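Summary of structural features
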Amino acid sequence: MKRTGIFYGVGVGPGDPELITIKALKTLEACPVIAVPRSKDTSSDGQSQALSVVKKIVDTKDKELLELLFPMTKDKAVLNSSRKEAAFMIAERLKEGKDAAFITLGDPMLYSTFSYLLPLVTEALPGVEVRVIPGVVSFTAAASRALVPLAESDEKVIIIPASYSLDEIRESIKSFDTIVLMKVNKAFDSVLDMLFELGLENSAFLASRVGWPGEEIVTDIKKLKGKRLDYFSTLVIRNPRSAV
């Protein structure tokens, strides 16, 4: 009886290939199938950022690079259709006895497409073995680059998408010691205006393309007003409660 392959979720870190864990590297070297998420909205040429990281340290010439298209849309029907198609393609390889690794920037269990695929693959293949290899996430890498601790002692941290409303972000500022706003590029000017209003414009730093060429850590965020920011931009607001 043919074995069923193992389904891996592999975090490849924020961009610097040296931040890929040894376990992730060994898994990617061993898997004959690497499932590659792709979207025209995540990079300038529509190619996978995660794959570009992997190719710097893994020889992929003898592997199947299984491209999976995930449209950047809020249409639930379109999203569900693309996820089901991707899960079907992965399940077919697993049925053939091939181990398959789904690669993702950061960590597979934090704002990752992997978490949507996981129940679909296990539904298609009940009992399939799943292993998740955690990865370094962008905001911890950013804090390391900025030399700013995310939390100390009994401090509280919240991680939210910048697509939240300003009122929700404002409430988070009142309740938490550190606020991490993911993918803040389109909302930055509005958030900056709010920080000025609260007197917190000097209590934040912005990190963009952490671990990539063009990486930038900006502590004087005031000078970014009105500028076009990279898609991979994160704003960290630190110790705000004492000021509000």
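Quick look at the structure, then. (Residues numbered from 1 in each chain as written. Predicted model: local features only at pLDDT ≥ 70, side-chain atom pairs only at ≥ 80, totals over all residues. Heavy atoms only, no water.)

**Structural notes on the side chain of Thr104**
Using the following cut-off: Working definition: helices are DSSP H or I runs of at least four residues, strands are E runs of at least two. Numbering for both runs from the N terminus. Polar contact is the term for a pair of N or O atoms within 3.5 Å; when the atoms are in protein, one must be able to donate a hydrogen and the other to accept it, and sequence-neighboring residues count only if both atoms are side-chain atoms. Note on contacts: a residue pair is in contact if any heavy atoms of the two residues lie within 4.5 Å.
Structurally, Thr104 is set in strand β4 (residues 100-104). Side chain to side chain, Thr104 and Ser112 meet in a polar contact 3.2 Å long. Setting aside residues up to four positions removed in sequence, Thr104 forms contacts with Val10, Gly11, Val12, Gly13, Ala50 and Ser112.

**What about the packing of aromatic side chains?**
Formally: Aromatic pairing here means that ring centres of Phe, Tyr or Trp (its six-membered ring) are within 6.5 Å. Orientation follows from the plane angle: under 30 degrees is stacked, over 60 is edge-to-face, and everything else is tilted. Classification of residues uses two cut-offs on accessible area relative to the type maximum, computed with a 1.4 Å probe and protein chains only: under 20% is buried, over 50% is exposed, and between them is partly exposed. Think of it as a cone above the ring: NZ of Lys or CZ of Arg counts as a charge over the ring if it is within 6 Å of the ring centre and within 35 degrees of the ring normal.
Taken as a whole, this structure holds 4 aromatic pairs when the rule is applied. A ring pair is formed by Phe102 and Phe114, whose centres lie 6.1 Å apart and whose planes are at 40 degrees; its orientation type is tilted. With Phe102 in strand β4 and Phe114 in helix α4 (residues 114-124), the pair connects residues that are 12 residues apart, well separated along the chain. Pair check on accessibility: Phe102 and Phe114 agree, each one buried. The rings of Phe7, Phe70, Phe102 and Phe114 are connected pair by pair, giving a single aromatic cluster. Seen from the ring of Tyr116, Arg83 lies directly overhead, with NZ or CZ sitting 3.7 Å from the centre. The ring centre of Phe176 lies 5.3 Å from the NZ or CZ of Lys156, which sits over that ring.

**Thoughts on the pattern of salt bridges**
This is how it is decided: What counts as a salt bridge is simple: a side-chain nitrogen of Lys or Arg found within 4 Å of a carboxyl oxygen of Asp or Glu.
If you walk through the whole model with that rule in mind, you get 15 salt bridges. Arg131 is the partner of Glu129 in a salt bridge, and the nearest nitrogen-oxygen pair spans 2.7 Å. Take Glu129: its relative accessible area is 39%, and that puts it in the partly exposed class. In this structure, Glu152 and Arg238 form a salt bridge, with 4.0 Å as the shortest nitrogen-oxygen distance. Remark: Arg238 occurs in strand β10 (residues 233-238) and Glu152 occurs in the loop between α5 (138-146) and β6 (157-161); sequence separation between them is 86 residues. Using a relative accessible area of 45% as the deciding quantity, one classes Glu152 as partly exposed. Several salt bridges share partner residues, and in doing so they unite Glu152, Glu155 and Arg238 into one network.

**Comments concerning the environment of Lys222**
Mapped onto the secondary structure, Lys222 falls in the loop between β9 (216-218) and β10. Considered as a pair, Lys222 and Ala204 are 18 residues apart in the sequence and their alpha carbons are 9.9 Å apart. Lys222 has contacts with Leu192, Phe196, Glu201 and Asn202, leaving out every residue within four places of it along the chain. Within polar-contact distance, the side chain of Lys222 engages the side chain of Asn202 at 2.8 Å.

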